[in-house]
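Structural features, examined
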Amino acid sequence: QAAWCVLPSRVLLVLTSQKGIQMYESDGSIMVYWHALDVTEHPPAQAVFARGIAAAGGRFVCVGTSSGLVLVFDIPPKGTNITVSEVLEQHRDAITDIAAEQGRAPDGAGDLVTADDAGTLCVWSAGEEFALLSKIPAFGSTCSSVKLWNGIVAAGYGNGQIRLYEAATGLLRAEVNAHARWIYALDVAPQTGKLLSGAEDSFVHVWRLSRDPDTDNVEIEHCHAECVTDTQVCGARFCDPEGNSFAVTGYDLSEIFRYSRA
């Protein structure tokens, strides 16, 4: 995986692989940090990798591992003196995705969510010490992608479902049978609350998340569907904060398709 981690003082390009975690200056010119994964701790038959990347708390970068640990790196305003400040140990299965708050979280809602292969979700409050706010149990399907927006956790699963939870309490607020096959990508447009989902069924859907101002209920509305013919979609991202355009790619594809509103 690769992600730009935007912190107030700097932007880092973070890469994860089976060997470890690399952090570069945002243009990829200089590697400022390398964290090797300890292969000796794992049984011989088990794959070792890092997966899930997110910036949190203004000065931290969080990266998940195949052993279920989440490594918290403390990033200085400049230079290479990056350290592992904390290791979060709530997951028993490989981390699949990590997301930071993309909107304005209600008080006490937390600003980081981690997901694993079993489907368990953990919501955290970032700080000098990360605090676990809620743990959402697995329900029998891998959570492959997760996003956090305005205190709403949006989770995509291997059975094609999208589930929406309250970040503060872990309560299930909505459930949509969004795709016929495994969801591989979710993205959120922070300014509008649009949610993008891409899956193995060749479809990309655009949804809109919102809260009812009277009841504070979480609502989801379907806005658009696009079929990428004969393509198992494995990557999908909005290209702007309003969600007016998005890019899609699939397995064995060397191209990226970009869609925008007419």
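Residues numbered from 1 in each chain as written. Predicted model: local features only at pLDDT ≥ 70, side-chain atom pairs only at ≥ 80, totals over all residues. Heavy atoms only, no water.

Its place among the elements puts serine 141 in the loop between strand E12 (131-136) and strand E13 (143-149). Within the structure, serine 141 has its side chain in polar contact with the backbone nitrogen of asparagine 159 (distance 3.2 Å). Apart from the residues within four sequence positions on either side, serine 141 is in contact with Ala118, Gly119, Tyr157, Gly158 and Asn159. (Helix = DSSP H or I, 4+ residues; strand = E, 2+ residues; numbered from the N terminus. Polar contact = N/O pair within 3.5 Å; in protein donor to acceptor, adjacent residues only side chain to side chain. Contact = heavy atoms within 4.5 Å.)

Glancing now at the environment of asparagine 244. Position of asparagine 244 relative to the elements: it lies in the loop between strand E21 (233-238) and strand E22 (245-250). A relative accessible area of 32% means that asparagine 244 is categorised as partly exposed. Sequence-wise, asparagine 244 and arginine 173 are 71 residues apart; in three dimensions their C-alpha atoms are separated by 26 Å. Beyond its immediate chain neighbours, meaning those up to four positions away, asparagine 244 contacts Lys194, Tyr259, Ser260 and Arg261. (Buried < 20%, exposed > 50% of the residue type's maximum accessible area, 1.4 Å probe, protein only.)

According to UniProt, the positions carrying the feature "repeat: WD" (unreviewed entry) are residues 176-217. Taken end to end, residues 176-217 has its terminal C-alpha atoms 15 Å apart, with 0% of it in helix and 57% in strand. (UniProt positions renumbered as here; feature names shortened; annotations may be inferred.)

With that settled, the discussion passes to the sheet that holds strand E17 (residues 183-189). Pairing in this open sheet of four strands is antiparallel, and the strands run E17-E18-E19-E20 from one edge to the other. On the outer flanks of this sheet lie E17 and strand E20 (218-227), each paired with one strand and no other. Strand-to-strand twist across the sheet, computed as the mean angle between neighbouring axes with direction ignored, equals 20°. Here E17 runs beside strand E18 (residues 194-199); their pairing, made up of six bridges, is antiparallel. The residue of E18 that forms the bridge with aspartate 187 is leucine 196. (Pairing = 2+ DSSP bridges. Axes fitted to C-alpha atoms, helices over the stretch in contact; angles between N-to-C directions.)

Next up on the list: the packing of aromatic side chains. Under the definition given, this model contains six aromatic pairs. Measuring from ring centre to ring centre gives 4.9 Å for phenylalanine 139 and tyrosine 157, while their planes differ by 75°; the resulting arrangement is edge-to-face. Here phenylalanine 139, found in the loop between E12 and E13, pairs with tyrosine 157, found in strand E14 (residues 152-157); they are 18 residues apart in sequence, far enough to count as distant. Under the relative-accessibility criterion, phenylalanine 139 is labelled partly exposed at 29%. Its relative accessible area of 0% is what places tyrosine 157 among the buried residues. Over the aromatic face of phenylalanine 139 sits the side chain of arginine 163, whose NZ or CZ is 3.5 Å from the ring centroid. (Phe/Tyr/Trp six-rings, centres within 6.5 Å; stacked < 30°, edge-to-face > 60°. Lys NZ or Arg CZ within 6 Å of the ring centre and 35° of its normal.)

Taken in spatial order, the four strands line up as E5-E6-E7-E8 in an open sheet, and their pairing is antiparallel. Edge strands, defined here as strands with exactly one partner in the open sheet, are strand E5 (50-56) and strand E8 (83-88). Neighbour-to-neighbour, the strand axes of the sheet open up by a mean angle of 25°, direction not taken into account. Bridge count for E5 against strand E6 (residues 60-65) is five bridges, and the pairing is antiparallel. From the neighbouring strand, alanine 50 faces E6, where its bridge partner is threonine 65.

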